[in-house]
Amino acid sequence: MMTPALQRTHTCGDLREQHIGAQVVLTGWVKKRRDLGQLIFVDVRDRYGVTQIVFDPATHSAAHTAAKELRGEDVLSVAGVVRSRGAQVNKDMPTGAVELLADAVTILNHAETPPFPLDDTEETDDLRLTYRYLDLRRPHLQRALVIRHKVALAVRNYLDSAGFLEIETPILTKSTPEGARDYLVPSRVHPGMFYALPQSPQLLKQLLMVAGMDRYSQITRCFRDEDLRADRQPEFTQIDLEMSFATHDDVFAVIEGLVATAFAAAGLRIAAPFVRMTHQHAMDCYGSDKPDLRFALPICDMSALAATIDFAVFTGTLQASGVVRALRVPGGATLSRKQVDDLTALAAKAGAKGLLSVRCDANGERKSPLAKCMTPALWQEFDQCTGAQPGDCVLIVADAVKTARAALGAVRSQLAQLLKLITPGTYACAWVTDFPMFSFDEEEQRLASEHHPFTAPVLADVPLLETSPLTVRACSYDLVINGYELASGSVRIHDPRVQEKVFQLLQLSAQEIEERFGFFINALRYGAPPHAGIAIGLDRLVMLLIGATSLRDVIAFPKTQKATDLMSGAPSTVRTDQLRDLHIAVTDAP
């Protein structure tokens, strides 16, 4: 137990020149030790900062002797007098104008040599995840968790001031899979039956609207058994909310204020209102439903012009109901042959048959396989259509609509990195609206929900549910920041007849509808108000705010891309008696 004389009085980030002459006690970890013979210097670190400690045998020999035993990451408590560092000020440290002359030290715990340096290089590997409790001592990860806390607190206060009630929803819920796979939890007291961990509180928050709660919010944990990427984890946190008697404009107003509040909590500013665009515009103009608007590079449709050009690739594509799309690269005439080849390979990876380039030299000459088919008049139309100017390069894809979008969207993103078009520390926010209500699942040969099956159709498109469901637009919306989908939401179906119709279009039988969603359909029959909602990924929001590229940097104990916890060893086997209690038998994996 720590002696009263060595109880902490200040943190390692507190001391400044106004503390000179004060007797203080610091606690923390040894960051660095330098033994100069007569004097020993030790940098002591906690999550608040670093302070330099001086051990001088001429003033306190016992403390100096104890300091000889200190090694990196030892835990200590040290008492002493704050003094000025004079001309030796360290301007890189907030505490760099002062140091602590130690007169007593207690080594609270010795540390083994860490398996990797605890410097502040922003890297993540399996070894660091195995020793995550050491990894988290690094300042940039600690700063990330501090910002995450501040953002969550600011968001809660903002939603409270806007009239939202924070209501907890269950973690053990009913499995209603639609999209990602559920994590299932076997029930001991109901043999052969399972709970599911929630992919989101979707149905529960809608039921809260039926219950008259009017405005609900929750910072909640969600679980999805899906393949992982740098911006996904099997368990994640979202800022979830729902509003009764609300339109999408009401949701946008609340969320724009919430995002501005979150940015302010991280010391940043962002302008509102955000840009709005339809899903079709985003796909046609940027080749993505989550466009990065920090740079321009819009895609244009030159199909009409291509129809007048005697070029076999164009003719064949258009006859097959394809399109010809172009991307003007300002100053792109300087792109090397290898760079264009790499972009061509990227387009091919997205499914394109090729990437046609037109170089517009400074003197007005054009270099392209297309040149032999062009007249001066056609080149003039080409310039008007694409916006091409001397010194530019125009990249063209002729293919099916979906493929042309994907290919040029990927090329556009790569060009932003290649040409350094993105200014660091900038943010571009946009609402993408009017997604398709359904897509067609080729594997299962049926309609699938583009968003989720509780999303309301655009009112004018409701009759098309009977005749042309693939043309129906949904009252759904995504918030996109810097090319990341930060939030997704929709106006919900509140009419039980429309909800049942959507389930039928998804080829759910009457029995399946009753078994999986009967409780929900029944609730809609008892006076469900019109309502709308959204969920914001808190992990992804903080990742954007700190400029990180991986969710691992903002989650205390993340999983790997294989959904494993290298530190604890989860998932793991369990004892036979535990399985027996759950009436479960484990067979060898196929």
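For the structure, check the block above.
These lines cover the structure that appears in this document, whether it is placed above or below. (Residues numbered from 1 in each chain as written. Predicted model: local features only at pLDDT ≥ 70, side-chain atom pairs only at ≥ 80, totals over all residues. Heavy atoms only, no water.)

Looking at the sheet that holds strand S20 (residues 476–481)
How we decide: Should DSSP find at least two bridges between two strands, the strands are regarded as paired. For helices the rule is a DSSP run of H or I covering at least 4 residues; for strands it is a run of E covering at least 2, with both sets numbered from the N terminus onward. Any pair of residues with heavy atoms lying within 4.5 Å of one another is described as a contacting pair. A fitted line through C-alpha atoms represents every axis, and for helices the fit uses only the stretch in contact; the resulting angles, taken between N-to-C directions, go from 0 to 180 degrees.
Taken together, the 8 strands give an open sheet; going across it, the order is S6-S9-S10-S22-S21-S20-S17-S11, and neighbouring strands pair in mixed fashion. Unpaired on one side and paired on the other, strand S6 (165–166) and strand S11 (275–278) mark the two borders of the sheet. Pairing of S11 with strand S17 (residues 429–433) involves 4 bridges; the strand directions are parallel. Each bridged residue has a counterpart across the sheet, and for Val-275 the counterpart in S17 is Ala-430. Lying on the sheet, helix H16 (residues 538–546) is in contact with strand S9 (215–223), strand S10 (235–244), S20, strand S21 (484–491) and strand S22 (531–537); it crosses S21 at an angle near 140°.

Overview of the pattern of salt bridges
Put simply, the rule reads: Salt bridges are defined by distance alone: a side-chain nitrogen of Lys or Arg within 4 Å of a carboxyl oxygen of Asp or Glu. Exposure classes here rest on a 1.4 Å probe applied to the protein chains alone. A residue is buried below 20% of its type maximum, exposed above 50%, and partly exposed in between.
Taken as a whole and judged by the stated rule, the model has 35 salt bridges. With its nearest N and O atoms 2.7 Å apart, the salt bridge here joins Arg-45 to Glu-73. Note that Arg-45 is positioned in strand S2 (residues 40–46) and Glu-73 in the loop between helix H1 (61–67) and strand S4 (75–84), a separation of 28 residues in sequence. Given a relative accessible area of 7%, Glu-73 falls into the buried group. As a salt-bridge pair, Glu-226 and Arg-232 come within 3.6 Å of each other at their nearest N and O atoms. Take Arg-232: its relative accessible area is 29%, and that puts it in the partly exposed class. Here the salt bridges share partners, and the residues they tie into one network are Arg-128, Arg-132, Asp-135 and Arg-138.

Description of a nonpolar patch on the surface
Put simply, the rule is: Patches were defined on residues exceeding 30% relative accessible area and lacking a salt bridge, with like-charge contacts within 9 Å and nonpolar side-chain contacts (Val, Leu, Ile, Met, Phe, Trp, Tyr) within 5 Å. Only the protein chains shown count as covering a residue, and every accessible area follows the Shrake-Rupley method with a 1.4 Å probe.
A surface patch of nonpolar side chains, amounting to about 290 Å² of accessible area, comprises Tyr-133, Phe-557 and Met-567. Note that Tyr-133 resides in helix H3 (residues 132–135).

Observations concerning the nonpolar core
Rules: Nonpolar core, defined: a set of buried Ala, Val, Leu, Ile, Met, Phe, Trp, Tyr and Cys residues in which side-chain atoms within 4.5 Å join the residues together.
Counting residues in each nonpolar core, the largest one holds 57 residues, and the members touching the most others are Leu-159, Ile-239, Leu-241, Ile-255, Leu-258 and Leu-479. It is helix H6 (residues 248–265) that provides the largest number of residues to this core, a total of 8 residues. In this structure, Ile-255 is in contact with Leu-241, Trp-431, Leu-479, Ile-534 and Ile-536, ignoring residues within four places of it in sequence.

With respect to the packing of aromatic side chains
Formally: Here the aromatic set is Phe, Tyr and Trp, taking the six-membered ring for Trp, and pairing holds for ring centres within 6.5 Å; pairs whose planes are under 30 degrees apart are stacked, those over 60 apart are edge-to-face, and all others are tilted.
Enumeration according to the criterion identifies 11 aromatic pairs in this entry. Ring geometry for Phe-252 versus Tyr-477: centroids 5.2 Å apart, planes at 90°, classification edge-to-face. Of this pair, Phe-252 sits in helix H6 while Tyr-477 sits in strand S20, and the two are 225 residues apart along the sequence. The pair formed by Phe-252 and Tyr-477 is uniform in burial state, with each residue classed as buried. With a centroid separation of 5.4 Å and an interplanar angle of 90°, the aromatic rings of Trp-379 and Phe-382 are classed as edge-to-face. Residue Trp-379 and its partner Phe-382 are both found in helix H11 (residues 376–386); the two are separated by 3 residues, about one turn of the helix. Here the aromatic cluster, defined as three or more aromatic residues joined through ring pairs, consists of Phe-454, Phe-503, Phe-517 and Phe-520.

Overview of the environment of Phe-517
In this structure, Phe-517 sits in helix H15 (residues 510–524). The exposure class of Phe-517 is buried, given its relative accessible area of 1%. The sequence separation of Phe-517 and Lys-174 amounts to 343 residues, and the corresponding C-alpha distance is 9.6 Å. Leave out the neighbours within four places in its chain, and Phe-517 touches Thr-176, Leu-203, Phe-454, Phe-503, Leu-508 and Glu-512.

Focus: the packing of helix H4 (residues 139–161) against H16
Test applied: For classification purposes, an angle smaller than 35 degrees is called roughly parallel, one larger than 145 roughly antiparallel, one from 65 to 115 roughly perpendicular, and anything else oblique. By the definition used in this description, the sense in which the near helix is turned from the far one sets the handedness, with an anticlockwise turn below a right angle giving left-handed and a clockwise turn giving right-handed. Side-chain classes follow a simple rule in which Ala, Val, Leu, Ile, Met, Phe, Trp, Tyr, Cys and Pro form the nonpolar group, Asp, Glu, Lys and Arg form the charged group, and the remainder, Gly included, forms the polar group.
The N-to-C vectors of H4 and H16 enclose an angle of 120°; their axes lie 10 Å apart at closest approach. Judged by the angle between their axes, H4 and H16 are oblique. Crossing of H4 against H16: the hand is right-handed. In this structure, H4 uses Ala-144, Ile-147, Arg-148 and Val-151 to contact H16, whose residues at the interface are Leu-538, Asp-539, Leu-541, Val-542, Leu-545 and Ile-546. A breakdown of the residues in the contact of H4 with H16 according to their chemical character gives 8 nonpolar, no polar and 2 charged.

Section: the packing of H4 against H6
Look at H4 against H6: their axes get within 8 Å of each other, and the N-to-C directions meet at 145°. For H4 against H6, the interelement crossing comes out right-handed. Contacts between H4 and H6 involve Lys-150, Val-151, Ala-154, Val-155, Tyr-158 and Leu-159 from the former and Ala-253, Val-254, Gly-257, Leu-258, Thr-261, Ala-262 and Ala-265 from the latter. In terms of residue class, the contact of H4 with H6 is made up of 10 nonpolar, 2 polar and 1 charged.

From the geometry alone we can't say anything about function, so treat these as descriptive.
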